[in-house]
Amino acid sequence: MQSQTDVVVVGGGVTGTAIARELSRYQLDVVLVEKSPDVCTGTSKANTALIHAGFNADPDKQKGRLNVRGNELYHERIQHELDVPIEWRGAMVVATDESERPKLEELLAKGQDNGVDGLEILEREQLLEKEPHLTDDAVAALWAPTAGIVNPFELTVGFANNAVENGASVELEAEVTDITKTDEGFTVETAKGEIDADIVINAAGLYADEVSKMVGVDDFEITPRRGEYYLYDKQFDIDIDTTIFPVPTEVTKGIVVTPTDEENLLIGPNAQEIDDKRDKATTRQGLDKVLEGAQKTVPDLTKQDVIKEFAGLRPAIKETGDFRIQIEEEVPGFINAAGIQSPGLASAPATAELVVDLVEEVRGDLEEDPAFDPNYSGPPKVRHMSHEERAALIEEDPRYGQIICRCETVTEGEIRDAINQPVPAQTVNAIKRRVRPGAGRCQGGFCGPRVIEILSEELDIPMTEVKLEEEGSELLTDEIKQPLLEKSREGSEVNADD
Amino acid sequence: MTESRQAVTGDLDAMRREEHDLVVVGGGPAGLGAAQAAYDEGVDDIVILERDFELGGILQQCVHPGFGLEYFEEELTGPEYAQQFIENVAERGVDIRLDTMVLEVTHDRTVYAVNDEDGVTEIDAEKVILAMGCRERTRDALDIPGSRPAGIFTAGTAQRLINMEGKLPGEKAVILGSGDVGLIMARHMHLEGAEVEAVLEIMPYTGGITRNVVQCLEDFDIPLRTQQTITEIHGNDRVEGVTVQEVDEDFEPIPGTEYEIECDTILLSVGLIPENELSVDAGVDLHQVTGGPIVDETRETNVEDIYACGNVLHVHDVVDWVTEESMIAGRSAARSLQDRVETREEPIEIESTGKLRYVVPDRISTVDPDREEIPLYMRVHAPMEDVFVTLSSGGEQLARTFERRAEPGEMVTLNVDSDTLAELPEPRLELDVVQREEA
Amino acid sequence: MTETVEITCIRCPIGCDIELEVEDGEILSMEGAGCIQGEDYAREEYRNPTRVLPTTVRVKGGVLPYVPVKTAEPIPKGELEAAVKELATVEVEAPIELGDVVFEDVCGTGVDIVATRDLPAKESDPLAAD
């Protein structure tokens, strides 16, 4: 890792990577440091994967303004620049009782104030035409055509890869352990060594308060708020086309029912404050609440055909309930981008834009890098190709002819591509995020051993060192026979003492 | 679905196009038996498409004995059983394509297969036999809450890792599910020096055969705990333990019975699911209980000229019956190719009472003078002792088989002979289970 | 001193739980067997319980790193753990044929270990340096 740079970005979630990419547009040296062996391992890996329209957003809050601007940027730029799945399915906030209608009108007005396009109230018949599985109790809904769904893993990886293609560095397994203010700026101590920087941008998600404390800015706290989800099989017979919200109450935004970019149905999240930032466990009560909540809008849902449960943690600043994106006055050069819960994903490009403005405030106008190329493409997606296209591809490169993941039709070529990207996949989950093996109905039962083998080969490490995600998550503990040989050795040692 | 914007270079005409009489999807014991039987019936244009690097299917990782007692009258290990049939198809010159994945089977029997040597091959098949086997039920399908650490494996994946890759999935395991796969894996893990803390079973009785309980658990003092299940998984990066609870008759966890078991590995042996995604896309109707296609006695599905056999049709516990069933399918497909199939005017519907979970096949739709009997495969819905499984038609009992002990985990077969079928009072067969005193 | 030994019969799906009264290695009486075959089994299982051992042995130069093997005949149950330890030290070279003896006289039982499948040698890569 280099020992000096202009800007250190702490945190490889969607916010940090979007910032790094935006900064790489300029003649600036940027290093993003991420504590895990991959980007996108925190909140960005476990969320509802929505690009909110912005009608729910409070225009007085940072997150309100950034949601709307972010949505705009996804429409205008991101979906054209990054070859990642983004689909404008639209969202509906469904009232299941006439008493909820005023709330719809309220959201409509707020949305229009925020500058959200195309909002309208739809009536029951129109709703049931769009979504035949919607509850019979539906009376009306706010319809937001500018809402979208996105693949948050490919998005984050796309931001990161594009940033590196444009000259930024991404350092993995580089947890920040301390930051010292110096005359020139900062010395950032990481697990991979020290790096001096003029500016530090804190996008450390759940740990943003701890990073901020390192430079003495300790007036906010991140409280983890857990949200749990169910994901259904692609061949599930309840087809949902749009993102369905219930009417939000005082207590909760409600359980969302939405398709994902790969046509799995996703329901969730609930919300529960917890203490332990490492606790991403699902719970019986939480999951039951998720299904119950989803049945409010889509009553036919059961646990049948579920292929995955998971939980994510929102990094909430409880006091304000808002983002905290600002230059910290007491520590000039230190920019916080903290408290990014929902709509963090929708806001990411706008957050990056804002942070660049803040960086300019600190160090004066930035000069654009003429070589900057915003366009990024990941590995080819064999599963979305016609048979003819596949045949053509395999003729050029036979590795795309070896199917490794049966459930999702993912090839050896795509997996090896993922391991050799600018921000390379080094773990089983990193591969799953980029190219999907393990995300299907067998959850890695068939492809798992093969993926481990390929990682072992490409990284030149024994299979027993291949990790699922973090340090300590090695999947295979030993070569067979080794424990027996060790027991034999121990046995003979004991005997030798006789 | 988002279309990728990447342009594909290369020759869009690179796809190979072939025509074959019979395409068999899967080269495990079902596919091998079907191909062998079809060949012996006179069809020589047969292609087996197998996704693994060799034939034999799941048998290659089943290194334990227990196979072939019926078919070979000898007790063989999985690989030994497989090798016999691998040699049989090799001798018969069947076209074998390894490392080849089937991407799609269309309703009119166009099969798309892919491998790295041939690229994509489009095969127009006269007949297709589906023999894809099954996959394992996952932790998520069981809805077990808790963390998602490394160290959770289905028993079959662990078996492959140990027996073929030569890697241990862990050092200290809890096994959920006492079916034969779970029991076998308890022994494997133990004999490889790992600790097996317990085998947990949600039912009041084990799902495996007694011999496996004795030789996999009792031999090594591995406890079997019935009416218990895992209700939570712990450990951030690697499994650290499980919470276990007793369950009531409705399989609901009983509050207050929680206890913890420290472990670094969880093996799940909690159900096999016929792998029918290709079948569904081809328009094949599936049976609600078996999860496999609905077939007649020739093993033809509702889609003309598409057949199914083996675990993809219904999960078998004895491979010898897979062989018998697959040979029925192969022979049927062959006879159909030769126009030697005579359809009954009216199919004979096969029905069963609630005492049986299911019966395969669903009906008898052909007349076949060369066929002496038709085996019916079924499972009782709960353990029973001293029962007759009876076959009747129009109230008249035609045949029966006595079971000292019948269990859901052990398939029952009852053969109905062709003469009986010729003289049915009505085109219906009814299967029931009655206690011996009542019979 | 008489002792009670419990043996589960494995001859048929019923799995009778048989109780033996034994003293000094002699069977005094037996209870619970549902048939004669069960009694025979219990006697044999008490006096000389044997098992076929299925396991794998390391292979050099094969298409797989291990070959499945079994004891050619059942060996005393008490030797199973010693047997796997002994076999853990063994390595055989491909190609191997089904039935090949990969190890003789495991743990002094007089029983050989045989391969249960053909295992071809890995095709050498013509481009690899020797």
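What you see is a predicted model; the values in this text were computed from it and never measured.

Draft legend 1. How the structure looks around the overall build of chain B. In terms of helices and strands, chain B carries nine helices and 28 strands. Over its C-alpha trace chain B gives a radius of gyration of 23 Å, about what one expects of a compact globule, namely 22 Å for 439 residues. Overall, the C-alpha framework of chain B stretches about 70 × 65 × 45 Å when taken along its three principal axes. Out of the 439 residues belonging to chain B, those deemed buried represent 60%. Within chain B, residue pairs in contact and separated by at least 24 positions form 64% of the contacts whose partners lie at least 6 positions apart. As presented, chain B carries roughly 16,600 Å² of accessible surface, and 42% of it is formed by carbon and sulfur atoms. Chain B carries 34 positive and 93 negative side-chain charges, and their two centres are separated by 1 Å.

Draft legend 2. Just the interface of chain A and chain B, in detail. Listed as interface residues are 76 residues of chain A and, on the opposing side, 63 residues of chain B. Inspection of the chain A/chain B interface yields seven salt bridges. Here Glu 192 of chain B ties to Lys 481 of chain A by a salt bridge, and the two come within 2.8 Å at their closest N and O atoms. At the boundary of chain A with chain B, the tally comes to 22 residue pairs in polar contact (both at pLDDT 80 or more). The element that contributes the greatest number of residues to the side of chain A that touches chain B is helix H9 (residues 387–396) of chain A, accounting for ten residues.

Draft legend 3. Summary view of a negative patch on the surface. A contiguous patch of negative charge, built from Glu 486, Glu 490 and Glu 493 of chain A together with Glu 171 and Glu 195 of chain B, is present on the exposed surface. Considering every element that reaches the negative patch, the biggest residue donor is helix H13 (residues 482–497) of chain A, with three residues. Here Glu 493 of chain A is to be found in helix H13.

Draft legend 4. How the structure looks around the domain arrangement of chain A. Residue and element names in this part refer to chain A. Structurally, chain A comprises domain 1 (1–85 + 149–222 + 317–378), domain 2 (91–145 + 223–311) and domain 3 (382–465). Here the C-alpha centroids of domain 1 and domain 3 sit 29 Å apart. Of the residues lining the interface, 17 residues belong to domain 1; the matching set on domain 3 comes to eleven residues. Both faces considered, domain 1 and domain 3 share a buried interface measuring about 1,100 Å² in area, 53% of it formed by carbon and sulfur atoms. Counting across the interface, domain 1 meets domain 3 through two salt bridges. For Asp 38, the salt bridge is made with Arg 433, and the minimal N-O distance between the two is 2.9 Å. Per element, the largest residue contribution to the side of domain 1 that touches domain 3 is seven residues, and it comes from helix H5 (residues 152–165). Across the side of domain 1 that touches domain 3, the residue classes tally to ten nonpolar, two polar and five charged.

Draft legend 5. Summary view of helix H1 (residues 14–23) of chain A. Within H1 of chain A, ten of the ten residues are buried, leaving the element largely enclosed by the surrounding structure. Turning to H1 of chain A, its buried residues number three or more, namely Val 14, Thr 15, Gly 16, Thr 17, Ala 18, Ile 19, Ala 20, Arg 21, Glu 22 and Leu 23 of chain A.

Draft legend 6. Expanded view of the side chain of Thr 41 of chain A. Residues and elements named next belong to chain A. Tracing the backbone through its elements, the reader meets Thr 41 in the loop between strand S2 (30–33) and strand S3 (50–51). Taking relative accessible area as the criterion, Thr 41 reaches 4% and is therefore assigned buried. For Thr 41, the contacting residues outside a window of four places in its chain are Glu 34, Ser 36, Lys 280, Arg 433, Glu 469 and Glu 470.

Draft legend 7. Region of the structure containing the sheet that holds strand S9 (residues 148–150) of chain A. Residues and elements named next belong to chain A. The three strands lie next to each other as S3-S9-S5, forming an open sheet whose pairing is antiparallel. For this open sheet the edge positions go to S3 and strand S5 (86–87), each flanked by a neighbour on one side alone. Here two bridges tie S3 to S9, and the two strands are oriented antiparallel to one another. Across the sheet, the residue bridging to Ile 51 is Gly 148, located in S9.

Draft legend 8. A look at unusual backbone geometry. Here the bond from Gly 268 of chain A into Pro 269 of chain A is cis, since omega is -10°, no more than 30 degrees from zero. Tracing the sequence through the fold places Pro 269 of chain A in the loop between strand S17 (265–268) and strand S18 (272–273). Along the chain, Ser 342 of chain A connects to Pro 343 of chain A via a cis peptide bond; the corresponding omega equals 0°. Tracing the backbone shows Pro 343 of chain A in the loop between strand S21 (334–338) and helix H8 (344–363). The phi dihedral of Glu 263 of chain A falls on the positive side, at around 65°, and the residue is not glycine. By relative accessible area, which is 29% here, Glu 263 of chain A ends up partly exposed. The phi dihedral of Arg 299 of chain B is positive, around 75°, even though this residue is not glycine.

Draft legend 9. Structural view of the environment of Leu 87 of chain C. Residue and element names in this part refer to chain C. Note that Leu 87 resides in helix H2 (residues 80–87). The class of Leu 87 is buried, set by a relative accessible area of 2%. Between the C-alpha atoms of Leu 87 and Phe 103, which are 16 residues apart in sequence, the distance is 8.0 Å. Apart from residues no more than four positions distant in its own chain, Leu 87 is found in contact with Leu 53, Thr 55, Val 57, Phe 103, Val 106 and Ile 113.

Draft legend 10. Structural context of the domain arrangement of chain B. Residues and elements named next belong to chain B. In terms of domains, chain B is made up of domain 1 (1–136 + 271–340), domain 2 (138–270) and domain 3 (344–439). For domain 2 versus domain 3, the separation of C-alpha centres amounts to 36 Å. Contacts between the two partners involve four residues from domain 2, matched on the other side by six residues from domain 3. A buried area of about 290 Å², summed over both sides, lies between domain 2 and domain 3, and 56% of it is on carbon and sulfur atoms. Interface area lost by domain 2 to domain 3 is led by Tyr 205, Gly 207 and Ile 209, which between them contribute 85%. Where domain 2 meets domain 3, there are zero salt bridges. Taken together, domain 2 and domain 3 are joined by zero residue pairs in polar contact (both at pLDDT 80 or more).

Definitions and cut-offs
- Residues numbered from 1 in each chain as written.
- Chains lettered and ligands numbered in written order.
- Predicted model: local features only at pLDDT ≥ 70, side-chain atom pairs only at ≥ 80, totals over all residues.
- Heavy atoms only, no water.
- Helix = DSSP H or I, 4+ residues; strand = E, 2+ residues; numbered from the N terminus.
- Rg over C-alpha atoms; globule rule 2.2 N^0.38 Å.
- Buried < 20%, exposed > 50% of the residue type's maximum accessible area, 1.4 Å probe, protein only.
- Contact = heavy atoms within 4.5 Å.
- Areas by Shrake-Rupley, 256 points an atom, 1.4 Å probe, with all protein chains shown as cover.
- Lys, Arg positive; Asp, Glu negative; His and termini not counted.
- Charge placed at Lys NZ, Arg CZ, Asp CG, Glu CD.
- Salt bridge = Lys/Arg side-chain N within 4 Å of Asp/Glu carboxyl O.
- Polar contact = N/O pair within 3.5 Å; in protein donor to acceptor, adjacent residues only side chain to side chain.
- Patch = residues over 30% accessible without salt bridge, like charges linked within 9 Å, V, L, I, M, F, W, Y side chains within 5 Å.
- Domains from an automatic or database assignment.
- Buried area = accessible area lost by both parts, 1.4 Å probe.
- Nonpolar A, V, L, I, M, F, W, Y, C, P; charged D, E, K, R; others polar.
- Pairing = 2+ DSSP bridges.

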